[in-house]
Amino acid sequence: MGGGISLPDNVSKEEAREFAGERWNEQMAIKFDSLADKNGRVPRKVIFDHKHGKELAIRDWSVIASKASRLVDHQTLEAPEPLEDPEASGTDHAAVKVQSLARARRGKLETRRRLANQINSSLEYAQERKDNKLDLFMANLMEKMPELEKCQVTRDALLDTIDKMRGKGWPHNIDIEAKYAGIHLPDPITKDAMIDVMERLNDQARKDTKKRKQCVGIKGILHAKYALHIALAYMDVVRKLPSVVHISTALSGKLTVVGDMHGQLRDMIQIFRHNGLPSFDNPYLFNGDLVDRGDYSAEVLILLMGFAIVDPGSIYINRGNHEDMTVCTGYGFVDELVTKFSQNTNGRHLLAVIDTIFSLLPLAHVIDENVLVIHGGVSDKFDLETLLQVNRRLYRTLTGLPNAITQTPGGKDKDGHTHETWSILMDCLWSDPAKSGEPFPPGCDCKPNDERGGGVMFNARFSEQWLDKHKLGAIVRSHECQERGFAVAHNGRVLTLFSASN
Ligand SMILES: [Mn+2]
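In the nomenclature of an unreviewed UniProt entry, the protein chain is known as Serine/threonine-protein phosphatase of Chrysophaeum taylorii. Taken verbatim from the UniProt record of the protein chain, the Cofactor (unreviewed entry) comment is "Mn(2+)".

Laid out in structure tokens, this is it:
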């Protein structure tokens, strides 16, 4: 009863692709190839032998394998029994058969979805660890942002340059080509105009999905000039904010916290349709990782910044570990932006402004003096006071820094980058709550997060102490993909939210 998926002795690329379904991507293909034997198959033995492999997170495969078999068992147990007597009349019999097949298929799809979820998370962790350790991305970044890299600009110099350009009438003085057929935004931008932009982007995303071609998105719909207008206006909002922002729901009566969006425009629009458009009465807090991985990071970001400026108090945004241009160079957002807004001056300027905005995003929000919302989590290196004092704009990027900073306590460089500030920023953006049963060294409730290669893992006792010290009730964090979109941990005091559907 019930079609089962079992792991064969070895897996071909086609089977792995089938397994992963929509989640199959180039990264997975490359990883598969690196493991395959000369027949192009990955033997089960290799998967298990690499259990503790250093280069790839293959140890996760064994977890996947055991979960897979458990899921298959589970599925077999829950395989649908015909609701009616199979010996009934011919037509009924056929109907029952169809029904039973359909359920089996649904079960199979569900199993595949769960497996894909597992595989995807494992591969992502493997990649993140590699990125953190190998410092690969600087070269890549320079290629994408030659102008900025040439100047060797500091954060402050970049902001000064942007302000000086604005003093000379930029971006108002950008000429729009005669052939431009997209939206013209009024000045000042209105909420109706932003809703119009959202509808157009949604239609385009629908067309993109239908054609199954490379995503066009915002290209041709919104000129870089308008994107710059929105981004600069939003930059003016965030530059005034402290690193820890306290918000109250006394007036709105509610606040919706949204986890990682990762460039999933249609998921975001779906949330707005169900839960209402962002407004002062219906505010949203997006908990970081708006960009990368998905095809519509530019659209997600520009819409959120647009709503934030036309309706102050409607959108709050926390920084995530993907709000870092070096990470974005590896995970798609930089490529997406230059493709959609072209590599000309406007496109590069937009990149520079967004880079600046990322560095200005607050690190945490405290809701009603009760709930801490932060992308990764908490650690023994900071409390709310240190987080408020930390210069969140000190680093152009948190990844790809020299060992003196990342490895040596007390280490610093000539630009004033210190190990201390780096590790505070890393910890709040990259940490994860430990699962129950996770071993910790004696007397220690917070340990390096080896799985990520950055941030810490903190256990339930640590969460409790940290929260009690600040007289807070709970932590809402994101950063980890959750099958159902959320997960409760640490005796109900830590909630993980993840809002992208795939
Ligand atoms: Mn994250």
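**Student:** How should the overall build of the protein chain be read in this particular structure?
**Tutor:** The helix and strand tally for the protein chain stands at 19 helices and 14 strands. Within the protein chain, buried positions represent 40% of all 502 residues. Sequence-distant contacts, at least 24 apart, represent 75% of the contacts inside the protein chain between residues at least 6 apart.

**Student:** Which parts of the structure should I look at to understand helix H19 (residues 460–469)?
**Tutor:** Since the α-helix advances by 3.6 residues per turn, residues separated by three or four positions end up pointing in the same direction. Looking only at H19, the buried set comprises Phe-462, Ser-463, Trp-466 and Leu-467. Taken around the axis of H19, the buried residues stretch over an arc of 125°, which confines them to a single face. Structural note: H19 exposes Asp-468 and Lys-469 on the side pointing more than 90 degrees away from its buried face. In this structure, the buried side of H19 is in contact with strand E9 (432–433), strand E10 (446–448), strand E11 (456–458), strand E12 (474–477) and strand E14 (494–497). Backbone geometry just downstream of H19 places Lys-471 in the positive-phi region, at approximately 55°.

**Student:** Whenever I open this one, helix H11 (residues 265–275) confuses me. Can you help?
**Tutor:** Among the residues making up H11, those that are buried are Leu-265, Met-268 and Ile-269. Down the axis of H11, the smallest arc covering the buried residues is 95°, so these residues share one side. Structurally, H11 contributes buried residues whose contacts are with helix H9 (191–211) and helix H12 (297–310). Of the residues flanking the end of H11, it is Gly-276, one or two places downstream, whose phi is positive at about 95°.

**Student:** Explanation requested: the nonpolar core in the structure shown.
**Tutor:** In a soluble, globular protein the nonpolar side chains are often hidden away together inside. Ala-227, Ala-231, Val-300, Leu-304, Leu-350 and Ile-357 are the most contacted members of the largest nonpolar core, which has 97 residues in total. Ranked by the residues each element gives to this core, the list is headed by H12, at eleven residues. When residues no more than four places from it in sequence are discounted, the contact partners of Ala-227 are Leu-222, Ile-302, Phe-341 and Leu-350.

**Student:** Looking at this structure, how should I read the UniProt feature "domain: Serine/threonine specific protein phosphatases" (unreviewed entry) in the protein chain?
**Tutor:** The residues that UniProt annotates with the feature "domain: Serine/threonine specific protein phosphatases" (unreviewed entry) are residues 318–323. Structurally, residues 318–323 comprises 0% helix and 0% strand, and the distance from its first C-alpha atom to its last is 9 Å.

**Student:** Looking at this structure, how should I read the sheet that holds strand E6 (residues 315–317)?
**Tutor:** Sheet strands line up and pair through hydrogen bonds in the backbone, either parallel or antiparallel. Ordered in space as E4-E5-E6, the three strands form an open sheet in which the pairing is parallel. For this open sheet the edge positions go to strand E4 (256–258) and E6, each flanked by a neighbour on one side alone. Averaged over all pairs of adjacent strands, the angle between strand axes in this sheet comes to 20°, irrespective of strand direction. Pairing between E4 and strand E5 (residues 284–286): three bridges, direction parallel. Counterpart to Val-258 in the pairing with E5 is Phe-286.

**Student:** Explain unusual backbone geometry to me, please; I cannot follow it from the model alone.
**Tutor:** Working note: non-glycine residues mostly have negative phi, and peptide bonds are mostly trans. Here the amide bond leading from Trp-170 into Pro-171 is cis, since omega sits at 5°, within 30 degrees of zero. Topologically, Pro-171 is positioned in the loop between helix H8 (155–167) and H9. Residues Asp-187 and Pro-188 are joined by a peptide bond in cis, for which omega reads 0°. One non-glycine residue, Asp-368, lies in the positive phi region at around 50°. For Asp-368, a count of 13 C-beta atoms within 10 Å puts it in the partly exposed group.

**Student:** How should I be thinking about the pairing of E12 in this particular structure?
**Tutor:** Regular strands place their side chains on alternate faces of the sheet. Note: strand E8 (residues 371–374) against E12, three bridges, orientation parallel. Following the sheet pairing, Leu-372 is matched in E12 by Ile-475.

**Student:** So what exactly am I meant to see when it comes to the sheet that holds strand E13 (residues 486–489) here?
**Tutor:** Read from one edge of the open sheet, six strands run E3-E7-E8-E12-E14-E13, paired in mixed fashion. Of all the strands in the sheet, just strand E3 (244–247) and E13 have a single pairing partner and so form its edges. Averaged over all neighbouring strand pairs, the angle between strand axes comes to 20°, with direction disregarded. Bridging between E13 and E14 involves four bridges; their strand directions are antiparallel. Within the sheet, the bridge partner assigned to Phe-486 lies in E14 and is Leu-497.

**Student:** Explain the confidence of the model for the protein chain here, please?
**Tutor:** For any part of a model where pLDDT is low, the fine detail of the predicted coordinates should not be relied upon. Taken residue by residue, the protein chain gives an average pLDDT of 79. The fraction at 70 or more is 73%. Averaged pLDDT values over the elements of the protein chain bottom out at 35 in helix H4 (residues 59–77) and peak at 98 in H12. Note on residues 1–7: pLDDT under 50 across the span, and 21 contacts to partners over four residues away in sequence or across chains. Low confidence marks residues 47–92, where pLDDT is under 50. Its contacts with residues over four positions away, or in another chain, come to 56 contacts.

**Student:** What am I meant to see in the packing of H9 against H11 here?
**Tutor:** If you want to describe how two helices pack, look at the angle between their axes and the distance between the axes. Look at H9 against H11: their axes get within 10 Å of each other, and the N-to-C directions meet at 130°. Taken together, the axes of H9 and H11 are oblique relative to one another. Crossing of H9 against H11: the hand is left-handed. Here H9 contributes Met-198, Leu-201, Asn-202 and Ala-205 to the contact with H11, which in turn contributes Leu-265, Arg-266 and Ile-269. Split by residue class, the contact of H9 with H11 holds five nonpolar, one polar and one charged.

Conventions and cut-offs
Residues numbered from 1 in each chain as written. Predicted model: local features only at pLDDT ≥ 70, side-chain atom pairs only at ≥ 80, totals over all residues. UniProt positions renumbered as here; feature names shortened; annotations may be inferred. Helix = DSSP H or I, 4+ residues; strand = E, 2+ residues; numbered from the N terminus. Buried ≥ 20, exposed ≤ 12 C-beta atoms within 10 Å, placed from the backbone. Contact = placed C-beta atoms within 7 Å. Arc of directions from axis to C-beta. Core = buried A, V, L, I, M, F, W, Y, C linked by C-beta atoms within 7 Å. Pairing = 2+ DSSP bridges. Axes fitted to C-alpha atoms, helices over the stretch in contact; angles between N-to-C directions. pLDDT = per-residue confidence, 0-100. Parallel < 35°, antiparallel > 145°, perpendicular 65-115°, else oblique. Left-handed = near helix turned anticlockwise from the far one by under 90°. Nonpolar A, V, L, I, M, F, W, Y, C, P; charged D, E, K, R; others polar.

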